Structures are given as structure tokens and as C-alpha cells.
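Read off the chains here:
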Amino acid sequence: MREFLTGAGLLLRGLGQWRRTPGAMALGLIPGAVVGLVFAVALVAWGIMLPGLVDDWTPFADTWPSFWADVVRTAIGVASFGAALLVVVVSFTAVTLAVGEPFYDRIWRATERSATGTVPDADYGFWQAVADSVRLILRGILAAALAWLIGLIPFIGGALGFATGVALTGWLLADELTSRSLSARGFDRRARRAIIRANRARALGFGVATQLCFLVPLGAVAVMPAAVAGSTLWTLSALDGKRPLGGPADAIRPLGAPADADPVIAAPADASRPTVAPDVPAAPLAATPTPPANRPVDPAR
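If you're wondering where the values come from, they're calculated on a predicted model, not measured in any experiment.

Analysis parameters
Here the residue index of a chain counts from 1 through its sequence in written order. Residues qualify for local features only when their pLDDT is at least 70, as the model is predicted, and side-chain atom pairs are given and counted only at 80 or more; totals for whole chains, interfaces and linings, by contrast, use all residues. Water and hydrogen atoms play no part in the side-chain values, which are based on all heavy atoms of the structure. Like charges are joined within 9 Å and nonpolar side chains (Val, Leu, Ile, Met, Phe, Trp, Tyr) within 5 Å, but only among residues with over 30% relative accessible area and no salt bridge; these make up the patches. In this description, accessible areas are obtained by the Shrake-Rupley approach with a 1.4 Å probe, and a residue is regarded as covered only by the protein chains that are shown. When a carboxyl oxygen of Asp or Glu lies within 4 Å of a side-chain nitrogen of Lys or Arg, that pair is called a salt bridge. We count a stretch as a helix when DSSP gives it H or I for four or more residues in a row; a strand needs E for two or more, and each element gets its number in order from the N terminus. Two rings from Phe, Tyr or Trp (for Trp, the six-membered ring) form a pair when their centres sit within 6.5 Å of each other. Planes less than 30 degrees apart are called stacked, planes more than 60 degrees apart edge-to-face, and all others tilted. We define a nonpolar core as any set of buried Ala, Val, Leu, Ile, Met, Phe, Trp, Tyr and Cys residues linked to one another through side-chain atoms lying within 4.5 Å. Accessibility here uses a 1.4 Å probe with only protein chains present; expressed as a share of the type maximum, an area under 20% marks a residue as buried, one over 50% as exposed, and anything in between as partly exposed. In this analysis the local bend is the angle between axes fitted, respectively, to the seven residues ending at and the seven residues starting at the residue. As used in this structure description, the phrase polar contact means that two N or O atoms lie within 3.5 Å; if the pair is within protein, one of them must be able to donate a hydrogen and the other to accept it, and residues adjacent in sequence are counted only when both atoms belong to side chains. Residue count minus one, scaled by 1.5 Å, sets the expected span of a helix. By construction, the arc corresponds to the directions joining the helix axis to the C-beta atoms. Every axis in this analysis is a line fitted to C-alpha atoms, fitted for helices over the stretch in contact. Angles between the N-to-C directions lie between 0 and 180 degrees. Orientation is classified from the angle alone, with under 35 degrees giving roughly parallel, over 145 giving roughly antiparallel, 65 to 115 giving roughly perpendicular, and any other angle giving oblique. Whether a crossing is left-handed or right-handed is set by the direction in which the near helix is turned from the far one by less than a right angle, anticlockwise for left-handed and clockwise for right-handed. Two residues qualify as a contact provided that any one of their heavy atoms is within 4.5 Å of a heavy atom in the partner residue. When residue character is reported, Ala, Val, Leu, Ile, Met, Phe, Trp, Tyr, Cys and Pro are called nonpolar, Asp, Glu, Lys and Arg charged, and the others, Gly included, polar.

(A) Just a nonpolar patch on the surface, in detail. Judged by side-chain polarity, Phe60, Trp64, Phe67, Trp68, Ile153, Phe155, Ile156 and Leu160 come together as a nonpolar surface patch covering roughly 870 Å² of accessible area. Looking at the secondary structure, you find phenylalanine 60 in the loop between helix H4 (29-57) and helix H5 (66-99).

Spelled out as C-alpha cells, the structure:
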């Protein structure tokens with residue numbers, strides 16, 4: 001539970017980036033506002049059409065007692081709207097990160113500089129962001145479908161489906177939001193997921209906290225810049241003491257590399273100065289025998 005709360009707290013720490021770089025954070029509101037408006041209109045339209053669609057989907061319930069017909073149709077309606085809401089949240093994150101790549105790149109770089117003083121060298125380009133966004137949407141649709149099926153359970157399905165959807169999409173959000181800072185350190189997609197799994201509770205805490213904020217009206221727009229900054233801080237906390245931060249991409253061994261792989265060799269800060277080896281105890285000097293001529297004469301001999 002402490003790791004879960006630590007992950008959630010990293011989102012709050014991301015809000016602190018407003019104090020350090022308010023200009024970059026303010027620009028990060030623009031893509032979220034545009035994409036959020038489009039998705040809000042689509043979600044409202046879906047909610048208006050849903051009662052009629054549910055009636056069309058359940059003609060078999062017309063001959064049922066009104067109580068059971070209402071129970072079934074309400075469960076289908078709630079599950080359908082909840083699934084659409086989950087798809088909207090995941091799609092909002094994916095589309096906003098792709099559309100707002102230049103804006104969120106500035107936030108990421110500003111957070112890296114303020115936290116470590118450096119910015120990793122590996123490029124996280126536009127097309128890589130698009131590919132990650134497409135994968136996130138597809139995985140989000142699968143998560144929403146599972147939550148929809150659970151939501152069909154009468155009486156408890158709504159709450160159980162909502163909890164399942166929040167957990168699944170929270171995990172997906174953590175995976176997607178941290179992809180930038182991890183990729184910039186030379187980790188490929190498989191290595192990124194290995195890092196996420198190794199810090200499962202912390203990733204889930206960060207993702208669930210972000211997801212719950214996104215469910216609040218206008219919360220996704222307001223929290224998106226902080227989520228980008230918080231995901232960078234999440235990476236720094238997850239890699240603390242495990243990988244060099246801010247080094248060249250080709251100097252970082254991906255997680256899970258074989259033990260006999262070439263070790264990481266970091267160049268010294270000043271090439272003119274000799275590299276100081278780690279603290280290793282020096283080997284004791286071998287005793288030099290005293291020449292016979294210099295040995296003291298034993299009085300007993």
C-alpha cells in the first residue's frame with residue numbers, strides 16, 4: 001500500500017512543476033482543451049442516444065415483468081456508458097499526447113532539468129508517440145470491453161465494472177505516460193514494460209490517481225501537464241540506483257540484458273583528469289626479505 005500511495009503522490013509532485021516552469025505547463029493545457037472538447041461532445045451524444053439504443057438491443061425484454069426489464073436495461077446502459085467513458089479517457093490520453101507532442105516535450109525536458117540538471121539524449125519522435133498512442137487505444141478498448149462484460153452483472157456489476165475499468169486503464173495510463181522518459185534513456189518497449197512490472201504497485205498508484213482525476217469534469221485538461229511531469233518523476237524514482245540517468249542512449253543497457261553483456265562505461269566529466277576508480281582496498285605490500293649482510297647479529301649465535 002505504501003508503494004501505491006507513493007505512486008499517487010508523484011502525481012501531486014508533478015503539480016509542483018507549475019511553480020518551476022509555469023509557461024511550459026500553461027502551454028500544455030492547449031492540446032488537452034481542444035481534444036477534451038471534441039471527446040466531451042462525443043460522450044454527451046452517446047449518453048443521449050444510449051436509452052434508445054438499449055431498447056433496440058433488448059427487444060426480448062418487452063415481454064418481461066417491468067422490474068426485471070428495467071434491471072437488465074439499466075445494467076446494459078450503465079455498463080455501456082461506463083465502457084465508453086473508459087475508452088474516452090484512454091483515447092483522450094493517447095490523442096492528446098500525440099497532438100500535443102511539442103508542448104509535452106517541453107514539460108518533460110523542463111522536469112528533467114529541474115530534477116536532474118540534464119536531459120537524456122535518446123530521441124522520442126512524433127511517429128513513435130503516434131505508435132504508442134495507437135497501441136494504447138487498442139489496449140484501452142480491450143479493457144473497456146472487459147469492464148463492460150463485468151458491468152452486465154445485475155446489482156453489483158456497475159460498481160465492480162467501474163473498479164475493474166479504473167484499475168486496468170490506470171495501468172495503461174502509467175505505461176503510456178512513462179514511455180517518453182523511459183524511451184529517452186534508451187529502453188525499448190519490452191524493457192519499459194519490465195520496469196513497470198518491477199514497480200507494479202507504484203505504477204498502479206500513479207495511474208489510478210491520474211485516471212480518477214481524468215474522470216472529474218475538466219480534470220483531464222487541467223491535470224494532463226502535471227501527469228506528464230509526474231510520469232517523469234516516476235521514472236526517476238523507479239530507476240534510482242539502477243540505471244544512469246541522463247546518459248547517452250547507447251550507454252544504457254536495457255533491462256533484462258544478459259549478465260555477460262558489456263558493462264556501462266561512463267566517460268569522466270573532465271577527460272583531462274584521470275578517472276578515479278571506486279573505493280577498493282589496496283592489496284598489502286609483500287614483505288621484502290632483509291639481505292643477510294644487513295641482518296642484526298644474534299648474540300646467542
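(B) Local environment of the packing of aromatic side chains. Scanning the model with the defined rule gives three aromatic pairs in all. Where phenylalanine 60 meets tryptophan 64, the ring centres are 5.5 Å apart and the plane angle is 55°; that geometry is what we call tilted. An angle of 80° between the planes, with centres 5.1 Å apart, marks the rings of phenylalanine 67 and tryptophan 68 as edge-to-face.

(C) Highlighting the nonpolar core. Counting 39 residues, the largest nonpolar core has Ile107, Leu177, Ile195, Phe206, Phe214, Met224 and Trp234 as the members making the most contacts within it. When residues of this core are assigned to their parent elements, the largest contribution, 11 residues, is made by helix H12 (residues 219-238). Counting residues in hydrophobic clusters, the runner-up holds five residues, among them Val90, Leu136, Ala143 and Leu172.

(D) Up close: H12. The largest bend along H12 reaches roughly 35° and is located at proline 225. Of all 20 residues in H12, 18 are buried, a share of seventy percent or more.

(E) Geometry of the side chain of arginine 180. Its location among the elements puts arginine 180 in helix H9 (residues 179-183). Within the local environment of arginine 180, its side chain forms a polar contact with the side chain of glutamate 101, the two groups lying 2.7 Å apart.

(F) Focus on the pattern of salt bridges. Evaluated as defined, the whole model comprises nine salt bridges. In this structure, arginine 180 and aspartate 105 form a salt bridge, with 3.5 Å as the shortest nitrogen-oxygen distance. Here arginine 180 is found in helix H9, whereas its partner aspartate 105 is found in helix H6 (residues 101-116), with 75 residues between them in sequence. With respect to class, arginine 180 is no different from aspartate 105; both count as buried.

(G) Structural context of the side chain of threonine 232. Tracing the sequence through the fold places threonine 232 in helix H12. The buried category is assigned to threonine 232, whose relative accessible area is 1%.

(H) Inspection of helix H1 (residues 2-15) at higher detail. Here H1 spans 20 Å end to end across 14 residues, near enough to the 20 Å set by a 1.5 Å rise per residue. Gly7, Ala8, Leu10, Leu11 and Gly14 are the residues of H1 that are buried. Taken down its axis, H1 places every buried residue within 135° of arc, on the same side. In H1, the exposed positions that point more than 90 degrees away from the buried face belong to Arg2, Leu5, Leu12 and Arg13.

(I) Structural view of the packing of H1 against helix H11 (residues 200-215). Relative orientation of the contacting elements H1 and H11 amounts to 45°, with a least axis distance of 6 Å. Classified by the angle their axes make, H1 and H11 are oblique. The interaxial crossing formed by H1 with H11 has right-handed handedness. Between H1 and H11, the contacting residues are Glu3, Phe4, Thr6, Gly7, Ala8, Leu10 and Leu11 on the first element and Ala201, Arg202, Leu204, Gly205, Phe206, Val208, Ala209, Thr210 and Cys213 on the second. Looking at the contact of H1 with H11, its residues break down into 10 nonpolar, four polar and two charged.

(J) Structural detail: the environment of tryptophan 148. Here tryptophan 148 lies in helix H7 (residues 126-151). Residues tryptophan 148 and glycine 77, spaced 71 residues apart in sequence, show a C-alpha to C-alpha distance of 9.8 Å. Not counting the four nearest positions on each side in its chain, tryptophan 148 is found in contact with Ile76, Ala79, Ser80 and Ala83. Engagement of the side chain of tryptophan 148 in a polar contact is seen with the side chain of serine 80, the distance being 3.0 Å.

(K) Local environment of the environment of leucine 29. Tracing the backbone shows leucine 29 in helix H4. Separated by 193 residues in the primary sequence, leucine 29 and alanine 222 have C-alpha atoms spaced 6.5 Å apart. Once residues within four sequence positions are removed from consideration, leucine 29 is found in contact with Trp18, Val221, Ala222 and Pro225.

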